[in-house]
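Listed below, chain by chain, are the residues.
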Amino acid sequence: MTSRLDHIAQQRLDKLDRIRARGTNPYPRGYHRSHTAQEAIALLKQDEDERQTVSTRGLRDSSPSVTVAGRIIARRNMGKITFIDLRDSSDKIQLLCGELLDADQTQLLKELDIGDIIGASGRLFRTKTNEPTIAASNLTLLAKSLQPLPEKWHGLADVDTRYRQRYLDLISNPEAKETFKVRSQVITAIRQFLNRQGFLEVETPVLQPSAGGALARPFITHHQALDQDFYLRIATELHLKRLIIGGLDKVYELGRIFRNEGISTRHNPEFTTLESYQAYADYQDVMKMLEKMVARISQKILGTDKVKFGDNTIDFKPPWRRLSLREAIQKYSGIDFEQSPDADSLRAEMLRLKMEVDPQKDRGRLVDELISSFVEPNLVQPTFLLDYPVEMSPLAKSKPDNERLVERFEAFAGGMEIANAFTELNDPIEQRQRFKRQLENKRNITGVVPDIQGDEVETIDEDFLLALEYGMPPTGGLGVGIDRLVMLLTNQQSIREVILFPQLREKA
């Protein structure tokens, strides 16, 4: 039995055949437009201002002429005339199609459907309902759409369809297009800010022989020519630090990171980060730079440093709140992790709170669980959590007054982490000991040597340790989750709303 959609698709194929039979190419090679829809509307307004009156709204011989192109998103047949709504990437403009079209053009008009991409030329005027309109004198078919758009083109609501067929989402939902415009503007603004600060943008390898720079489970792949396994990078940190060692004092990279972990409203297996490293700086310097950068980006793109996120208004104006991690966990859970020097004692405290605790997790992972369970949901306004246990941060420098803590902060807003930063550890002997200690702790818990394909583990990158032995200056490092920052600036509650093509389970 033929479905309704199959019937519509067949009708469009029949129209395509008729168009070709009349000698018209339904997919021409190019088209030259003079204005976007937005520019055409602005031109009409300028013409009206110059005349200092809009009392005569009808079409005039002296009205400006334009050539536009876009997708048909609506059409209304009204006897001898047809109104078409045409949308391009800038805006929507109305076409009036009637007596100015010749016989061939009128016949073409009958074959046009919602979803078709066309070009149109004509004079600008404003209708009695004040609608900017082009009196079309010429129509050109640029691409015949063989599939009907969703019936409610103005509000495609099916979430799965929106993510799997993002092109339909962008066609149907102007707000989705606006979200991704803001994302692009955020990335541009970050580059401009850092470039003005004297940072150099660089690129580091995506395929790496050792998965280092973070505690994460990597994706593994195989290089045929070298007959060698490689890992998709889980961080850009270790290569960027090599550049600091090499004498590039301020570097940053905006790029994709890959982690073979869970998917949720705040996690995607591939995501975009900013990592920056600045010689002769510490985490206090990085804190000031981050809050200044985010506030400036918000002001530049949105015109304000106060943004709506869910039911809250987040104020990015510096200075952001500073709160020690120890103080925060005590405040929201009642546990003082400094009084629990090992995993067993901390696990006992968590069990006392009726938490489900994984016996395989080390002390650092348990502290991280306390943060996500008790602290993170309460950090709606921008907040820096300071000074983490050394077990959680093998690449960070210890505090001079407490060797069990390191100079690290995580920045939170909207109840989620958006940035992570260290005063970088630059002692090569201590760095090697930290890596070894971490592997030993993992072995002691599981009884086996960690398997990079199955475990989250910081591996020992011998080449990085060798580079560190040549001397790295005191350095402040920063990592920012671009996707989550865009979520905050566009009031989106799911990371899939700000990634054009999020990872989804394949349909059967």
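For the structure, check the block above.
Keep in mind that this is a model prediction, so the values were computed, not measured.

A. Fine view of the overall build of the protein. A tally of regular secondary structure across the protein gives 14 helices and 19 strands. Taking the principal axes of its C-alpha atoms as reference, the protein extends roughly 85 × 60 × 50 Å. By the burial criterion, 49% of the 508 residues in the protein qualify as buried. For the protein, the share of sequence-separated contacts (at least 6 apart) that also reach a separation of at least 24 residues comes to 66%. Total accessible area on the protein stands at roughly 24,800 Å², and carbon and sulfur atoms take up 49% of it. The protein carries 71 positive and 75 negative side-chain charges, and their two centres are separated by 7 Å.

B. View of the nonpolar core. Membership of the largest hydrophobic core comes to 45 residues, with the highest contact counts inside it found for Ile 190, Leu 194, Leu 274, Leu 290, Phe 316, Phe 409 and Leu 478. It is helix H8 (residues 283–302) that contributes the most residues to this core, nine residues altogether. Beyond its immediate chain neighbours, meaning those up to four positions away, Leu 274 contacts Ile 190, Leu 194, Tyr 252, Glu 253, Leu 254, Met 293, Leu 478, Gly 479, Val 480 and Ile 482.

C. Representation of the pattern of salt bridges. Evaluation of the coordinates by the stated rule reveals 37 salt bridges. With a closest N to O distance of 4.0 Å, Glu 376 and Arg 266 form a salt bridge. Residue Glu 376 is located in the loop between helix H11 (363–375) and strand E15 (383–389), and its partner Arg 266 is located in the loop between strand E10 (250–258) and strand E11 (270–279); the two are separated by 110 residues in the primary sequence. On the accessibility criterion, Glu 376 (16% relative accessible area) is buried. Residue classification places Arg 266 among the partly exposed residues on the basis of a relative accessible area of 26%. In this structure, the salt-bridge partner of Arg 363 is Glu 391, at a minimum N-O distance of 3.0 Å. Of the two residues, Arg 363 sits in helix H11 while Glu 391 sits in the loop between E15 and strand E16 (398–399), which places them 28 residues apart along the sequence. Residue Glu 391 is classed as partly exposed on the basis of its relative accessible area of 24%. What emerges from the salt-bridge pattern is a single network uniting Arg 12, Lys 15, Asp 113, Asp 116 and Lys 144.

D. Structural detail: a positive patch on the surface. Taken together, the side chains of Arg 196, Lys 292, Arg 296 and Lys 300 present a region of like positive charge at the surface. Per-element tally for the positive patch: the top contributor is H8, with three residues. Here Lys 292 lies in helix H8. A residue is classified by how much of its surface remains accessible, and Lys 292, at 36% relative accessible area, is partly exposed.

E. Fine view of the packing of aromatic side chains. Evaluated as defined, the whole model comprises three aromatic pairs. Summarising the aromatic geometry, the rings of Phe 384 and Phe 409 are spaced 4.9 Å apart at their centres and angled 70 degrees between planes, so their arrangement reads as edge-to-face. Of the two residues, Phe 384 sits in strand E15 while Phe 409 sits in strand E17 (residues 402–413), which places them 25 residues apart along the sequence. Linked through ring pairs, Phe 316, Trp 320, Phe 384 and Phe 409 together constitute an aromatic cluster. Over the aromatic face of Tyr 388 sits the side chain of Arg 408, whose NZ or CZ is 4.5 Å from the ring centroid.

F. Up close: the packing of helix H7 (residues 237–245) against helix H13 (residues 462–469). The contact between H7 and H13 brings their axes to 10 Å, and the two run at 20 degrees. Overall, the two elements H7 and H13 adopt an arrangement that is roughly parallel. Seen along the crossing, H7 lies across H13 with a hand that is left-handed. Facing Leu 238, Lys 241, Arg 242 and Ile 245 of H7, the residues of H13 in contact are Asp 463, Phe 464, Ala 467 and Leu 468. Of the residues belonging to the contact of H7 with H13, the class tally is five nonpolar, no polar and three charged.

The rules behind each value
Residues numbered from 1 in each chain as written. Predicted model: local features only at pLDDT ≥ 70, side-chain atom pairs only at ≥ 80, totals over all residues. Heavy atoms only, no water. Helix = DSSP H or I, 4+ residues; strand = E, 2+ residues; numbered from the N terminus. Buried < 20%, exposed > 50% of the residue type's maximum accessible area, 1.4 Å probe, protein only. Contact = heavy atoms within 4.5 Å. Areas by Shrake-Rupley, 256 points an atom, 1.4 Å probe, with all protein chains shown as cover. Lys, Arg positive; Asp, Glu negative; His and termini not counted. Charge placed at Lys NZ, Arg CZ, Asp CG, Glu CD. Core = buried A, V, L, I, M, F, W, Y, C linked by side-chain atoms within 4.5 Å. Salt bridge = Lys/Arg side-chain N within 4 Å of Asp/Glu carboxyl O. Patch = residues over 30% accessible without salt bridge, like charges linked within 9 Å, V, L, I, M, F, W, Y side chains within 5 Å. Phe/Tyr/Trp six-rings, centres within 6.5 Å; stacked < 30°, edge-to-face > 60°. Lys NZ or Arg CZ within 6 Å of the ring centre and 35° of its normal. Axes fitted to C-alpha atoms, helices over the stretch in contact; angles between N-to-C directions. Parallel < 35°, antiparallel > 145°, perpendicular 65-115°, else oblique. Left-handed = near helix turned anticlockwise from the far one by under 90°. Nonpolar A, V, L, I, M, F, W, Y, C, P; charged D, E, K, R; others polar.

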